[in-house]
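# Breakdown of the fold
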Amino acid sequence: MKMAKVNGLAKMGTWKSVHRTIFILGACALLVSVATLSRSYSIRSLLVTDSFCNVNPSNPSRNGEKVSANFEVVIQKIRREMDELRKGMSKESSSSEILLRHSRFLADILGLFESMQEPVRGIENKTVNHPLVKPIHQSDGPADYFFIEEIRKYVRVKPNRLGKQNFMGANGTFTSIGHTCFAMKEELEEYMDYDVGEICNDDWKLAQKLMVHGCDPLPRRRCLARAPRLYTQPFPISESIWKLPDDRNIRWSGYRCKNFTCLASNATRKGFFKCADCFNLSHHEMPRWIQPVQLDPETNITADFLIPEVLEIKPGEIRIGLDFSVGTGTFAARMREFNVTIVSATINLGAPFNEMIALRGLVPLYLTVNQRLPFFDNTLDLIHTTRFLDGWIDLVLLDFVLFDWDRVLRPGGLLWIDSFFCLKQDLEDYMEAFKVLRYRKHRWVVVPKRDKDDGEVFFSAVLEKPPRPF
């Protein structure tokens with residue numbers, strides 16, 4: 001009896017140890033599954049479906065299925081082993097046999113645990129295919145820098161819905177903002193603080209301030225742009241070119257002048273100071289680039305070239321181009337008369353330049369000097385600039401701008417520098433920037449600026465891009 005009691009106690013002890021081991025194994029399996037999920041998905045990504053880093057090039061859904069399948073196998077093996085142990089306890093089995101079977105079971109479970117770790121290692125060690133997709137434990141992405149939810153949603157990577165790479169080889173869409181947006185956090189958050197689907201604030205001046213200071217491109221918004229209260233139909237194209245538009249077609253809240261008559265008045269100087277007469281279409285704008293201007297009395301030359309003279313350099317070859325200036329589209333209007341299509345790039349410096357260009361029936365491009373031109377390489381026949389790219393510009397910035405213009409000009413295309421204004425002492429430095437391009441010179445003149453003193457000059461040139469067939 002005593003021996004039977006001892007054997008019974010031994011079996012009970014073995015059974016308790018087996019239960020304890022099974023309990024520990026089950027807890028380990030649960031912990032491994034939770035750890036696997038926590039490494040694959042952050043807690044925030046489970047709550048927010050469009051988390052910034054939820055694009056995983058290593059196909060996390062497939063890894064998750066593999067881990068889940070192994071986890072189910074572990075559970076089934078534990079249940080099967082518990083059933084076998086119950087059956088074994090009802091028979092006469094020695095402690096050594098139970099322990100041997102137990103050790104084999106542990107080895108089997110250990111192998112399954114190791115296999116469950118492989119997908120996690122794959123996720124951690126996988127080389128991502130975009131610099132913004134960072135490991136989950138890092139939180140230095142652009143979305144984490146801002147508090148306004150619309151900014152966070154905009155800058156997060158947008159995964160492709162099918163979970164595959166698109167035709168461009170990307171596994172998501174990577175929306176961008178200008179780098180200075182981070183230095184102008186308060187202004188950008190004010191700009192992006194709106195109700196989705198509602199009318200946007202009247203904040204175009206804030207938007208332009210952000211753009212001019214380098215927060216360019218701005219993020220897209222999901223609010224409805226404001227329109228003038230009493231918008232009327234634009235004038236027919238036969239008369240809109242040389243007629244001031246209807247005042248009701250402009251939102252005047254951000255300007256000192258509240259109508260076109262004010263802007264056209266020579267005495268007001270309410271708009272950009274370099275273009276104070278740009279809205280005077282009948283007297284100031286209409287003769288430009290068509291009628292000969294007064295020559296400099298001492299040098300007998302002028303910095304203003306005429307459109308027919310420039311087009312004669314490449315007869316029939318100039319068809320499309322860009323005017324990068326501050327103005328009301330008069331250059332594009334005149335070139336239209338010669339069957340040349342010109343896009344006018346400008347911003348609204350103190351006056352509605354973009355609206356004015358559009359109401360004249362021309363194409364405005366709202367673009368700052370900060371941005372790379374939105375044209376493909378070797379596509380434009382002509383680039384013209386006046387009254388904007390002047391002696392205020394840094395020489396390194398000028399280099400970047402000129403090389404970008406060179407990129408979009410086709411071989412044989414013309415670069416028309418129209419009355420580039422600078423100090424006489426800086427003239428050589430600026431002219432060297434243009435000479436670096438090694439363009440052919442068709443026109444190249446320097447004229448003194450007589451309205452102040454002898455310390456200022458105008459520089460004009462028409463240059464031809466070489467072919468560079470290599």
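Here the structure is a predicted model, which is why all the values come from computation and not from measurement. (Residues numbered from 1 in each chain as written. Predicted model: local features only at pLDDT ≥ 70, side-chain atom pairs only at ≥ 80, totals over all residues. Heavy atoms only, no water.)

Another aspect to go through is helix H15 (residues 427–435). Along H15, the positions that sit buried rather than exposed are Leu 427, Tyr 430, Met 431, Ala 433 and Phe 434. Projected onto a plane normal to the axis of H15, the buried residues spread over an arc of 150 degrees and lie on a single side. If you follow the buried residues of H15, they end up packed against helix H14 (395–408), strand E7 (409–423), strand E8 (440–448) and strand E9 (456–464). (Buried < 20%, exposed > 50% of the residue type's maximum accessible area, 1.4 Å probe, protein only. Helix = DSSP H or I, 4+ residues; strand = E, 2+ residues; numbered from the N terminus. Arc of directions from axis to C-beta. Contact = heavy atoms within 4.5 Å.)

Turning our attention to the side chain of Thr 180. When you line up the elements, Thr 180 lands in the loop between strand E2 (172–173) and helix H6 (185–191). Classification of Thr 180 by relative accessible area gives buried; the value is 15%. Among the polar contacts listed, one links the side chain of Thr 180 to the side chain of His 179, at a separation of 3.4 Å. If near-sequence neighbours (up to four positions away) are discounted, Thr 180 is found in contact with His 213, Gly 214 and Cys 215. (Polar contact = N/O pair within 3.5 Å; in protein donor to acceptor, adjacent residues only side chain to side chain.)

Take the layout of surface pockets next. Taken as a whole, the second largest pocket spans an internal volume of roughly 770 Å³. Along its surface, the second largest pocket is lined by 30 residues, and Trp 204, Ala 207, Ala 225, Arg 251 and Tyr 366 are the ones closest to its centre. Looking at the lining of the second largest pocket, the elements that each hand over two or more residues are helix H7 (204–212), helix H13 (353–359) and strand E5 (363–366). If you tally residues by element for the lining of the second largest pocket, the top one is H7, at four residues. Counting contributing residues, the lining of the second largest pocket receives three or more from each of domain 1 (149–213) and domain 2 (237–465). (1 Å grid on protein atoms, 1.4 Å probe; cavity = no way out; pocket = protein on both sides within 12 Å on 5 of 7 lines; lining within 4 Å. Points joined across faces, edges and corners; volume = space filled by probe spheres on them. Domains from an automatic or database assignment.)

Membership of the largest hydrophobic core comes to 50 residues, with the highest contact counts inside it found for Phe 279, Phe 324, Ile 383, Leu 402, Trp 405, Leu 415 and Phe 459. Every element with two or more residues in this core is listed here: helix H9 (260–264), strand E3 (320–324), H13, strand E6 (380–386), H14, E7, H15 and E9. Setting aside residues up to four positions removed in sequence, Phe 459 forms contacts with Ile 417, Ser 419, Phe 420, Leu 427, Met 431, Phe 434, Trp 444, Val 445 and Val 446. (Core = buried A, V, L, I, M, F, W, Y, C linked by side-chain atoms within 4.5 Å.)

A word on the confidence of the model for the protein. Across the protein, the average pLDDT comes to 80, with 70% of residues at 70 or higher. A low-confidence stretch, residues 1–6 stays under pLDDT 50, and its non-local contacts, those more than four residues away or across chains, total zero contacts. Between residues 37–58, whose pLDDT stays under 50, and residues either more than four places distant or in other chains, the model counts 41 contacts. (pLDDT = per-residue confidence, 0-100.)

Turning to a negative patch on the surface, a few remarks are in order. Together, Glu 190, Asp 193, Asp 195 and Glu 198 make up a region of like negative charge exposed at the surface. With respect to the helices, strands and loops of the structure, Glu 198 is situated in the loop between H6 and H7. Residue classification places Glu 198 among the partly exposed residues on the basis of a relative accessible area of 47%. (Patch = residues over 30% accessible without salt bridge, like charges linked within 9 Å, V, L, I, M, F, W, Y side chains within 5 Å. Areas by Shrake-Rupley, 256 points an atom, 1.4 Å probe, with all protein chains shown as cover. Salt bridge = Lys/Arg side-chain N within 4 Å of Asp/Glu carboxyl O. Lys, Arg positive; Asp, Glu negative; His and termini not counted. Charge placed at Lys NZ, Arg CZ, Asp CG, Glu CD.)

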